[in-house]
Amino acid sequence: MKLGIVGLPNVGKSTLFNSLTKAGAEAANYPFCTIDPNVGVVTVPDPRLQLLGDFYNSRKITPAVIEFVDIAGLVKGASKGEGLGNQFLAAIREVDAIVHVVRCFEDGNVIHVDGSIDPVRDIETIELELVLADLEVLERRIAKTARSAMNDKDAKKELEILKKLQPILNDGRQAKEYTPENDDEAAFIDTLGLLSAKPVIYAANVGEDDLADDGASNPFVARVRDFAAAEGSEVFVISAKLEEEMSELEDEDRKMFLEDLGLSEGGLEKLIAASYRLLGLMSFLTAGEKETRAWTIRMGTKAPQAAGKIHSDFERGFIRAEVVNYQDLLNAGSYAAAKEKGQVRIEGKEYVMQDGDVVLFRFNV
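The structure reproduced in this document is the subject of the present report. Bear in mind that the values here come from a model prediction, so they are computed numbers and not experimental data. Along each chain, residues carry numbers from 1 onward, in the same order as the chain's sequence is written. Totals for whole chains, interfaces and linings use all residues, but because this is a predicted model, local features are given only for residues with pLDDT of at least 70 and pairs of side-chain atoms are given and counted only at 80 or more. No hydrogens and no water enter the side-chain calculation; it runs on all heavy atoms of the structure.

What follows concerns the pairing of strand S8 (residues 281-286). For a regular strand, the rule is simple: side chains alternate between the two faces of the sheet. Relative accessibility decides the category of a residue: with a 1.4 Å probe and only protein chains considered, values under 20% of the type maximum give buried, values over 50% give exposed, and everything between is partly exposed. A helix here means a DSSP run of H or I that spans at least four residues, while a strand means a run of E at least two residues long, and both kinds are numbered starting from the N terminus. With respect to burial, S8 is a largely interior element, six of its six residues being buried. Covered by surrounding structure in S8 are Leu281, Ser283 and Leu285 together with Met282, Phe284 and Thr286, the residues of both alternating faces. Only strands that DSSP links by at least two bridges are regarded as paired with each other. In the sheet, S8 pairs with strand S9 (residues 292-298) via six bridges, with the strands oriented antiparallel. Paired with phenylalanine 284 across the bridge in S9 is tryptophan 295. Two successive antiparallel strands, S8 and S9, enclose a turn made up of five residues.

Spelled out as structure tokens, the structure:
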């Protein structure tokens, strides 16, 4: 999974990126301190992995990962080259979802590019730039496709789809507002990499005092939540500054620090949960002496396609899947005992994978 972090200058993007990835992107109190898109990879916390690893005495434990791309602060006119321009917009065309950091705190020492705190205005500024950048891409694609459409049926179909999207973007609305008529249409739109078609997770960046009630008493957060609800987006509340301080701590100290604040989880856990919900993701597990590993798939994925995540040969030569729930396996005490209890199931090509399945794929190529 790949997430792009965007927002106006000085809203806490790079501070959040630093805390999540410990990658040390420069964070300073002036616009455009992030000159190149910073990339960091973090592991997805999953306590099931260590339990299974201990169960099998695995030599290696491999969690799922998320790649974060930190984009320089966008400003009004970015799509036309203002600020550092649309060179950064291209960097997020490949992401699965956008994490939009929104400033929801007052601090006279940290300047705001527009001079005041207004999260909805800030969101709309960024969203409009994404729409304008998409419109430019769409217009170029229409001009190119129109030349082929006269003699090519596929190009003619593509042109029809492009012309359905164009008026939506011309109205300043997002591409995600268009509902594809069928799977083929949806698949073609996906190939365009439109920024305004991507799912969004809003990171409401607050002061430390607003964390205890998850931003419930912060009027800025309330406005972000209302805005997100209207468009079907996710929101999580975070203090980027506090997260950065905690990123310097060892895991046990970090856990104690969170407990002292009355919190059960940190920003990374909140973001991962929000992104999994938004994208409809889950994890299945493979386990043994050699390696215990988590694999991220979309909900509704069938066994052969899940096997293909491990290796294309597994999908091509799929025979069956031997499946047991991870908790049932641990409770049984051994794989053989789980089998005796009838908890290890033999599943075929139509089996829909479930979160927490421990799977052994049988295949032949």
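This brings us to unusual backbone geometry. Unlike most non-glycine residues, asparagine 57 shows phi in positive territory, near 55°. Inspection of the secondary structure puts asparagine 57 in the loop between helix H2 (47-56) and strand S3 (61-62). Even without glycine at this site, aspartate 214 takes up a positive phi of about 55°. Tracing the backbone through its elements, the reader meets aspartate 214 in the loop between strand S6 (200-205) and helix H6 (219-231).

Turning to the environment of glutamate 234, a few remarks are in order. Relative to the assigned elements, glutamate 234 resides in strand S7 (residues 234-238). Once the C-alpha coordinates of glutamate 234 and serine 275 are considered, the two residues, 41 residues apart in sequence, prove to be 7.9 Å apart. Any two residues having at least one pair of non-hydrogen atoms within 4.5 Å are treated as being in contact. Discounting chain neighbours no more than four positions away, the residues touching glutamate 234 are Val200, Ile201, Tyr202, Ala274, Arg277 and Leu278. Pairing of N or O atoms within 3.5 Å defines a polar contact, subject to two protein rules: one partner must be a possible hydrogen donor and the other a possible acceptor, and residues neighboring in sequence count only if both atoms are side-chain atoms. Within the local environment of glutamate 234, its side chain forms a polar contact with the side chain of arginine 277, the two groups lying 2.9 Å apart.

Attention now moves to a negative patch on the surface. Together, Glu250, Asp251, Glu252, Asp253, Glu259 and Asp260 make up a region of like negative charge exposed at the surface. For aspartate 260, the location among the structural elements is in helix H8 (residues 251-260). Looking at aspartate 260, the relative accessible area reads 70%, which means it is exposed. Each patch is assembled from residues with relative accessible area greater than 30% and no salt bridge, linking like charges that lie within 9 Å and nonpolar side chains (Val, Leu, Ile, Met, Phe, Trp, Tyr) that lie within 5 Å. Surface accessibility in these figures is a Shrake-Rupley result with a 1.4 Å probe; residues are shielded only by whichever protein chains are displayed. The salt bridge criterion pairs a side-chain nitrogen of Lys or Arg with a carboxyl oxygen of Asp or Glu, the two atoms within 4 Å. Only four residue types enter the charge count, namely Lys and Arg as positive and Asp and Glu as negative; His and the chain termini do not. One atom stands in for each charge, and that atom is NZ of Lys, CZ of Arg, CG of Asp or CD of Glu.

Attention now goes to empty space enclosed by the protein. Computed over the protein atoms alone on a 1 Å grid, cavities are sets of points where a 1.4 Å probe fits but cannot get out and pockets are open sets with protein on both sides within 12 Å along at least five of seven lines; a residue lines them when it has an atom within 4 Å of a point. Grid points are joined across faces, edges and corners, and a volume is the space filled by probe spheres set on the points. The final tally for this structure, using the stated rule, is one cavity of 30 Å³ or more. Counted as a void, the largest cavity has a volume near 60 Å³. The wall of the largest cavity is formed by 13 residues, among which Leu211, Glu243, Glu265, Gly267 and Lys270 lie closest to the centre. For the lining of the largest cavity, the secondary structure elements donating two or more residues are S7, helix H7 (240-246) and helix H9 (267-279). Among the elements that line the lining of the largest cavity, the one with the most residues is H7, at three residues. Its residues placed into classes, the lining of the largest cavity shows seven nonpolar, three polar and three charged. Residue type decides the class: Asp, Glu, Lys and Arg count as charged, Ala, Val, Leu, Ile, Met, Phe, Trp, Tyr, Cys and Pro as nonpolar, and the leftover types, Gly among them, as polar.

Before going further, it helps to spend a moment on the packing of helix H3 (residues 119-149) against helix H4 (residues 153-170). Working convention: axes come from line fits to C-alpha atoms, limited for helices to the stretch in contact. Angles between N-to-C directions cover 0 to 180 degrees. Relative to each other, H3 and H4 sit at 150°, their axes nearing to 9 Å. Relative to H4, H3 is oriented roughly antiparallel. Here the hand of the crossing between H3 and H4 comes out left-handed. Counted together, Val131, Asp134, Leu135, Leu138, Glu139, Arg141, Ile142, Thr145, Ala146, Ser148 and Ala149 of H3 and Ala155, Lys156, Glu158, Leu159, Leu162, Leu165, Gln166, Leu169 and Asn170 of H4 form the full contact between these two elements. Across the contact of H3 with H4, the residue classes break down as 11 nonpolar, four polar and five charged. When describing relative orientation, an angle under 35 degrees is termed roughly parallel and one over 145 degrees roughly antiparallel, while 65 to 115 degrees is termed roughly perpendicular and anything else oblique. Helix crossings get a hand from a simple test, with the near helix turned counterclockwise from the far one by less than a right angle marking a left-handed crossing and a clockwise turn marking a right-handed one.

Take the packing of aromatic side chains next. Planes of paired rings set the category: under 30 degrees apart is stacked, over 60 is edge-to-face and the rest tilted, where pairs are Phe, Tyr or Trp rings (Trp by its six-membered ring) whose centres lie within 6.5 Å. Under the defined criterion, the tally for this structure stands at six aromatic pairs. Between the aromatic rings of phenylalanine 284 and phenylalanine 361, the centroid separation amounts to 5.9 Å while the plane-to-plane angle is 90°, which identifies the pairing as edge-to-face. With phenylalanine 284 in strand S8 and phenylalanine 361 in strand S12 (residues 357-363), the pair connects residues that are 77 residues apart, well separated along the chain. Like phenylalanine 284, the residue phenylalanine 361 is buried in the burial classification.

Our focus in this paragraph is the side chain of aspartate 70. Note on placement: aspartate 70 falls in strand S4 (residues 65-70). No salt bridge is formed by the buried aspartate 70; the nearest opposite charge belongs to lysine 13, separated by 4.3 Å. At 2.9 Å, the side chain of aspartate 70 forms a polar contact with the side chain of serine 14.

Turning to the environment of histidine 100, a few remarks are in order. The residue histidine 100 is located in strand S5 (residues 97-103) in this model. With relative accessibility at 4%, the residue histidine 100 sits in the buried group. Taking the C-alpha atoms as reference, histidine 100 lies 5.0 Å from valine 6; in sequence the two are 94 residues apart. For histidine 100, the contacting residues outside a window of four places in its chain are Val6, Gly7, Asp122, Ile123, Ile126, Val200, Ile201, Tyr202 and Ala203.

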